[in-house]
Structures are given as C-alpha cells and as structure tokens.
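Summary of the model geometry
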Amino acid sequence: MNIGVPRYLVVGLAGLFSAYLLVLAVYTIDQPRHQAPIFVAMALFALATVVSLLPFGPKRMPIWMAAFNFAIVIAITLLVANELDFARPGGTGYASWYVAASGILLTITSTRGRPTFAWLGIGFLVVHTITIVGPAGPAGLLSLGIVGSASWVAVSHVMSTALTKASKDAQRFALAEREATDWQAAQEAHVYERQFRLGQTSAMALAMLRIIQERDGDLTDEQRQECLHLEGAIRDEIRGRKLLNDAVREEVMSARRRGATVTLLDEGGIDDLSEVELDRVLNRLAQAIHDTDADKVIARTVPEGSDVAVTVVGLRSSGDGQAVALGQDSLEDDEVDLWLEIPRVL
C-alpha cells in the first residue's frame, strides 16, 4: 500500500484486530447451539486473514484471493449465524463476532484494490440480516454492527482510491521533473558547447581579424591563404568535435600550410572513451598526420561497438587510376599512402 505509514505497521494492526475477534469468538463459545461450526468459522477466518496480509506478491490483491475472501465471508456468516439465537433477551452480544470479522476481511480486500468484492460481501451481510436473521430485522443492521463494517469498507475504498490517484500523480510529477531536468541539462550542454566553440574560434581567428581590420581588408596572397586555413580550422571545430586537441589542431594546420587537404569527421563514436584513452587516440592521430605527406588526409570516428576508435586514410594524387579517394569527389584517381586504424583500448 502506497501510504505514508510503514506497511508492517498496517499489517500488524490488522493482524492484532483479527486476533482480538478470534478471542471474542472463544469468549462467547458457550452461546452457539453447537461449537464445531464456530471453530470451523474461526479457522477459515484466520486462514483468509493470514493469506490476505502476507507481505508477498503484488500490492493489488489477485482476483482469486478477493473471491476467496468473499466466499469466506459467506461461509463464516452462515456457520456462525445458524448457531445463534437472535431472539434471546439482550441479543447475541459478542457472539455475533462474524460481522466484525467479515468487515475487517472485506476492508482488507477493499484496501488492496478490490472494492467490488468488498461491497458484494457487505451486500450479502445486509441481505442475510434482513431476510434470514428474522426477529432482528432491519434493526439488526445497527445492532449487529453491519453499518460499522460497511463504513470501514467505504472509508478504505475512498482512501485507497485517493491514494492510488495521488501515487499516479506523484509518478507523473516525478517523470515531468526528470524530463525537465534532462531538458535543462541538454540546454546547458548546448550552451557550454557553443561557448567553447566560440572561444576556440575567437582564439584562432582573433589575430587574423585584427590584421584584416588594420589593413582595411587589403591582404596579401599569403594572408588570404591563411584565412582559408583558418576557415578550415573553424570547420574542424564544428565537424571534428572530439577529434581535436591542441596537438591535432597544430598538425592539421601544418598539413594544410604545406598544401594538404585535411578532413576530420566526428560522428559520435568516441564519446564513451575516458579522458586517458581519448588523449591516447588523439595523440596517435596527431602523430599520423605529422608523419604522412599525403595530399589528402581523412580522419573519421568509428561507431560504438567496434574495437577501432578512429580510421585515418592518407591519399596521394597520382592520376594513374590505382585507387579512388574514399568519400572524396575528384577528377583524378588517388593512391592510398596511409591507412591507419587506432584502437579504442590498447
């Protein structure tokens, strides 16, 4: 039961009250005409109570258990009521303990999510009292405590319904809170990413922007070429993402200044690497770019699940038709000068 009281305390109270009713049955055992049916009713009630209060299984009572409790209510009512004299002076007193026992059993059934069976049991008690008990008549609904049992079921029904609704609302609120937290985290990550990329771009382009401002846009050929290199570096910050560290940036710029075309493509395959493993992969990439004199260098991350983190391909323009540049459109055929697979883990 999703309530603010420990489950063992609720179960303990229900168990104590059920035991109290059994004590009443023993205390008034001399009133029934025959004692054997009373002992059978006591055993059935104890069995149903124990089964209903066991701390196992789903919180909502299974249908078979609710039907079993309903059947027990009918059984103990017939067993006990048929042995009592409702016309005796002073009434039956505590000997009609079966009404309270049925009430608590039906209350447990209602509390555990099966109010339909609980109300069926109350209906049986009402019909039995009015039509069978006889002299007690409708007044017996009060004197025997059936109104009290019905009140328990009604209160448990209302409370369990309200608590179930509150539990569902709490789950929805918790889900909404998690979604809001995830959304906020994603937005903060985007802001951080943008700020980081803007910082990198400013650091790379600031010196050239000052030169452009000082010369009023009248740049030399070397300066214009350097602007193209800076444009490529800025593009790397967008497409290369985690394929970049200071060593890779330096080697990529050196390769471009000697006339090579360098393409870095990070498709998210190395996002799960630790900082140590990522530094190892990037330093190996920087070394590979430094060592090759290929005209085109392509570095691409490999999707997660592969033993390889990054593939590096170096192509040399040959025009002899030996190989075609992988992922690069060209009018000339290229030959492979470098093929390197950098593993995720050594």
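In this text the structure is predicted, and so the values were computed from the model without any measurement.

All right, on to the overall build of the chain then. Helix and strand content of the chain: 10 helices and four strands. Written out in order from the N terminus, the α and β elements of the chain read α-α-α-α-α-α-α-α-α-β-α-β-β-β. Long-range pairs, those at least 24 residues apart, make up 66% of the contacts in the chain with a sequence separation of at least 6.

On to the environment of Ile 146, then. By the element assignment, Ile 146 lies in helix 7 (residues 146-214). Residue classification places Ile 146 among the buried positions, given a relative accessible area of 2%. Separated by 23 residues in sequence, Ile 146 and Gly 123 place their C-alpha atoms 9.9 Å apart.

Let us look at the confidence of the model for the chain. With 87% of its residues at a pLDDT of at least 70, the chain reaches an overall mean of 81. Helix 6 (residues 140-143) is the least confidently modelled element of the chain, averaging 62 in pLDDT, while helix 3 (residues 63-81) averages 92, the highest of any element. Here residues 320-331 is modelled with pLDDT under 50, and outside its nearest four sequence neighbours on either side it reaches 22 contacts, counting other chains as well.

Next up on the list: helix 2 (residues 36-53). Across its 18 residues, helix 2 extends 26 Å between first and last C-alpha, which sits within 8% of the 26 Å expected from 1.5 Å per residue. If you check which residues of helix 2 are buried, you get Pro 37, Ile 38, Ala 41, Met 42, Phe 45, Ala 48, Thr 49, Val 51, Ser 52 and Leu 53.

To continue, consider the sheet that holds strand 3 (residues 308-317). The sheet built from four strands is open, its strands ordered 1-2-3-4 with mixed pairing. Because the sheet does not close on itself, it has two edges, and the strands there are strand 1 (261-265) and strand 4 (334-343). Ignoring strand direction, the axes of neighbouring strands in this sheet form an average angle of 10 degrees. Across five bridges, strand 1 lies against strand 2 (residues 296-301) in parallel orientation. Counterpart to Leu 264 in the pairing with strand 2 is Ala 299.

It is worth spelling out the pattern of salt bridges at this point. Should their charged atoms come close, side chains of opposite charge can pair. On inspection of all chains with the given rule, the structure shows 12 salt bridges. Here Asp 169 makes a salt bridge to Arg 172, at a shortest N to O gap of 2.0 Å. On the criterion of helical spacing, the pair formed by Asp 169 and Arg 172 is a turn pair, its members being three residues apart in helix 7. Residue Asp 169 is classed as buried on the basis of its relative accessible area, which comes to 16%. Linking Asp 236 and Arg 256 is a salt bridge whose minimum nitrogen-to-oxygen distance equals 2.7 Å. Note that Asp 236 is positioned in helix 8 (residues 221-239) and Arg 256 in helix 9 (residues 246-257), a separation of 20 residues in sequence. Considered together, Asp 236 and Arg 256 belong to a single accessibility category, that of buried residues. What you see here is one network of salt bridges that share partners, running through Asp 293, Arg 316, Glu 335 and Asp 337.

So, about the nonpolar core. Counting 38 residues, the largest nonpolar core has Phe 45, Val 80, Trp 97 and Tyr 98 as the members making the most contacts within it. When residues of this core are traced back to their parent elements, those giving at least two are helix 1 (7-27), helix 2, helix 3, helix 4 (97-111), helix 5 (115-131) and helix 7. For this core, the leading source of residues is helix 4, giving eight residues.

We now examine the packing of aromatic side chains. As enumerated under the stated definition, the model contains three aromatic pairs in all. Taking 5.7 Å as the distance between ring centres and 75 degrees as the angle between the ring planes, the aromatic pair formed by Phe 17 and Trp 152 counts as edge-to-face. In this pair, Phe 17 is assigned in helix 1 and Trp 152 in helix 7, connecting sequence segments 135 residues apart. Of the residues examined, Trp 152 reaches a relative accessible area of 36% and is grouped as partly exposed. Connected via pairs of aromatic rings, a cluster forms that spans Phe 17, Tyr 20 and Trp 152.

Cut-offs used in this document
- Residues numbered from 1 in each chain as written.
- Predicted model: local features only at pLDDT ≥ 70, side-chain atom pairs only at ≥ 80, totals over all residues.
- Heavy atoms only, no water.
- Helix = DSSP H or I, 4+ residues; strand = E, 2+ residues; numbered from the N terminus.
- Contact = heavy atoms within 4.5 Å.
- Buried < 20%, exposed > 50% of the residue type's maximum accessible area, 1.4 Å probe, protein only.
- pLDDT = per-residue confidence, 0-100.
- Expected span 1.5 Å × (residues − 1).
- Pairing = 2+ DSSP bridges.
- Axes fitted to C-alpha atoms, helices over the stretch in contact; angles between N-to-C directions.
- Salt bridge = Lys/Arg side-chain N within 4 Å of Asp/Glu carboxyl O.
- Core = buried A, V, L, I, M, F, W, Y, C linked by side-chain atoms within 4.5 Å.
- Phe/Tyr/Trp six-rings, centres within 6.5 Å; stacked < 30°, edge-to-face > 60°.

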